[in-house]
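Geometric and topological summary
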Amino acid sequence: MSDTFKAILVSRDEDKKQSVAVETLSVDDLMEGDVVVNVEATTVNYKDGLAITGRSPVVRRWPMIPGIDFAGTVESSEHPDWKPGDKVILNGWGTGETHYGAYAGKSRVNGDWLIARPESVSAHDAMAVGTAGYTAMLSVLALERHGITPERGPVAVTGANGGVGSVAISILAKLGHHVIASTGRMSEEPFLRDLGASEVIDRAELSEPGRPLGKERWAGAVDSVGSHTLANLLAQTTYGGAVAACGLAQGFDLPATVMPFILRGVSLLGIDSVMAPKALREEAWARIATDLDAAKLARLSTTIGFDDIIDTAHAILDGKVRGRVVIDMAK
Ligand code: NDP
């Protein structure tokens, strides 16, 4: 077996001009860690698109192997929790940002960052879910903790065709919620209804500056868009409802007022997947194993090979990717 493997490396020159190349590396070239994992599957998240194109400052150490998540098998370990052959998942913890990430045949990481892959979830399916889907589940868990049951009323999902949005719709529908999907791609309405959306609305309804309070339309929301969209979601949430905010596809600003909070007791729930504690990650992955329909996951994901990663990174930022993309490292 060859000890070398392909890796995508992003670099910066003296003028901070970013470039990306495919290099051949060995384990000795990797960063410090106590577990070496053979990467079997990974994915392209929005954040990976930012890292590869340099459109936003995601990478904080140069050069960097991007890729914020992977599924694989432990090759060697000096960590007490892991032994060769263990099936693992990694999401976040700065991989692909400050620590060499997933776009390489092997990755050396801190064993504390890994979680065991549930037996019923294959490496491929774990990455069809990926950080986007795991974040969707964190958002659903946050709404549940806030008492948002199907009886309370509809749940809105923005960025519906994206990775977070499409998985959120699938999970919420399976749990019995009436899901209102908001999208800029109305032509994808049949796809969104197939995932479980009961209503599909044009995102233009939410993306422009709105009133401090509007008609109460949903008891909860999963928002991967931010900006005016998040402000309008809050303004149209029913009394005592909640919005889980996890993304910024429209913008990182929040041009809102306090009116939904102080007149309707609406809550804004912040969702972070990167530094989420291990127990919460394990809960989210256990729930993914039971509450995400495998057939729907197959319909919302496409599989490509290592050589397609860079093109896909550009496509995701241009809003051209539907659902989730899985990188099969053997392809
Ligand atoms: P995707 O690119 O797959 O999906 C984003 C979706 O947002 C698009 O498909 C599109 O959906 C919609 N969208 C794009 N541009 C705009 C715009 N200008 N205005 C309104 N809607 C827009 O990305 P992901 O689903 O992977 O990630 C979504 C967001 O969540 C990103 O901002 C990402 O950084 C963030 N994120 C945060 C995490 C966390 O830990 N908090 C973890 C993972 C992701 P449509 O075509 O249906 O309108």
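Residues numbered from 1 in each chain as written. Predicted model: local features only at pLDDT ≥ 70, side-chain atom pairs only at ≥ 80, totals over all residues. Heavy atoms only, no water.

Quick notes on the sheet that holds strand S13 (residues 267-270)
Under the convention used in this document: At least two DSSP bridges between two strands are required for those strands to pair. Secondary structure follows DSSP: runs of H or I at least 4 residues long count as helices, runs of E at least 2 residues long count as strands, and numbering of each begins at the N terminus. Axes, fitted as lines to C-alpha atoms, cover a helix only where it is in contact. Angles between the N-to-C directions of the axes lie from 0 to 180 degrees. Any two residues whose heavy atoms approach within 4.5 Å at even a single point are treated as in contact.
An order of S10-S9-S8-S11-S12-S13 is seen for the 6 strands of this open sheet, with the pairing classed as parallel. Either end of the sheet is taken by a strand with one partner, and the two such strands are strand S10 (199-202) and S13. Between one strand axis and the next, the sheet turns by 20° as a mean value, whatever way the strands run. Where strand S11 (residues 218-223) meets strand S12 (residues 237-245), 5 bridges bridge the pair, whose relative direction is parallel. Note that in S12 the partner of Gly220 across the bridge is Ala242. Its contacts with the sheet put helix H3 (residues 163-174) on strand S8 (155-157), strand S9 (179-183) and S11, and the angle it makes with S8 is roughly 155°. Each of S8, S11, S12 and S13 is contacted by helix H6 (residues 227-235), which is oriented at about 155° to S12, the strand it contacts most.

Regarding the side chain of Asn45
Relative to the assigned elements, Asn45 resides in the loop between strand S3 (35-43) and helix H1 (46-53). Setting aside residues up to four positions removed in sequence, Asn45 forms contacts with Ile68, Asp69, Tyr103, Thr131, Ala132, Ile316 and Arg324.

Section: the domain arrangement of the protein
Using the following cut-off: Boundaries between domains were set according to an automatic or database domain assignment. Computed with a 1.4 Å rolling probe, the buried area is the accessible surface lost when two parts are put together, summed over both parts. The rule for a salt bridge is simple: a side-chain nitrogen of Lys or Arg has to be within 4 Å of a carboxyl oxygen of Asp or Glu. Definition of a polar contact: a pair of N or O atoms within 3.5 Å, with one able to donate and the other able to accept a hydrogen when the atoms are protein atoms, and with sequence-neighbouring residues admitted only if both atoms are side-chain atoms.
Partitioning the protein into structural domains gives domain 1 (4-117 + 300-328) and domain 2 (132-270). Centre-to-centre separation of domain 1 and domain 2, based on C-alpha positions: 29 Å. Counting residues at the interface gives 10 residues for domain 1 and 14 residues for domain 2. Between domain 1 and domain 2 lies a buried interface of about 890 Å² when both sides are counted; carbon and sulfur atoms form 57% of it. On the domain 1 side of the contact with domain 2, Leu300, Arg322 and Arg324 bury the most area, a combined 54% of that side's loss. Summed over the shared surface of domain 1 and domain 2, the number is 1 salt bridge. Here Arg322 and Glu188 are joined by a salt bridge, their closest N and O atoms 2.9 Å apart. In this structure, the connection of domain 1 to domain 2 is made through 5 residue pairs in polar contact (both at pLDDT 80 or more).

Some thoughts on the side chain of Thr238
For Thr238, the location among the structural elements is in strand S12. Setting aside its immediate chain neighbours within four residues, Thr238 contacts Glu216, Arg217, Trp218, Ala219, Arg264 and Val266.

A closer look at the site of the ligand
Under the convention used in this document: Whether a residue is near a molecule or strand depends on its heavy atoms: it is near if one of them lies within 4 Å of it. Only the protein chains shown count as cover for residues, and all accessible areas are computed by the Shrake-Rupley method using a 1.4 Å probe. Residue polarity is assigned by list, with Asp, Glu, Lys and Arg as charged and Ala, Val, Leu, Ile, Met, Phe, Trp, Tyr, Cys and Pro as nonpolar; anything else, Gly included, falls into the polar class.
Taken together, the neighbourhood of the ligand is formed by 25 residues, with Thr183, Gly184, Arg203, Cys246 and Ser273 sitting nearest. Contacts to the ligand include Val164, whose backbone N or O atom sits 2.8 Å from an oxygen atom. Gly184 places a polar main-chain atom, nitrogen or oxygen, 2.7 Å from an oxygen atom of the ligand. Taking 920 Å² as the accessible area of the ligand by itself, protein coverage stands at 86%. Mapped onto the shell around the ligand, the elements with two or more residues apiece are helix H2 (123-145) and H3. Ranked by residues supplied to the shell around the ligand, first place goes to H2 with 3 residues. By residue class, the composition of the shell around the ligand is 10 nonpolar, 12 polar and 3 charged.

Some points on a nonpolar patch on the surface
How we decide: Each patch groups residues whose relative accessible area exceeds 30% and which form no salt bridge, using 9 Å between like charges and 5 Å between nonpolar side chains of Val, Leu, Ile, Met, Phe, Trp and Tyr. Accessibility here uses a 1.4 Å probe with only protein chains present; expressed as a share of the type maximum, an area under 20% marks a residue as buried, one over 50% as exposed, and anything in between as partly exposed.
Residues Leu254, Val258, Met259, Phe261, Ile262, Leu263 and Leu268 make up a contiguous nonpolar surface patch of about 590 Å² in total accessible area. Broken down by element, the nonpolar patch gets its largest block of residues, 4 residues, from helix H7 (residues 259-264). Using a relative accessible area of 39% as the deciding quantity, one classes Leu254 as partly exposed.

Details of H2
Formally: Every helix has an expected span of 1.5 Å times one less than the residues it contains. One fitted axis covers the seven residues ending at a residue, a second covers the seven starting there, and the bend at that residue is the angle between these axes.
Over its 23 residues, H2 extends only 29 Å from the first C-alpha to the last, a length that falls short of the 33 Å expected when each residue adds 1.5 Å. At Gly130, H2 is deflected by roughly 70°, the largest bend along its length. The element H2 is extensively covered by neighbouring structure, given that 19 of its 23 residues are classed as buried. Gly147, located one to two residues past H2, shows a positive phi value of around 85°.

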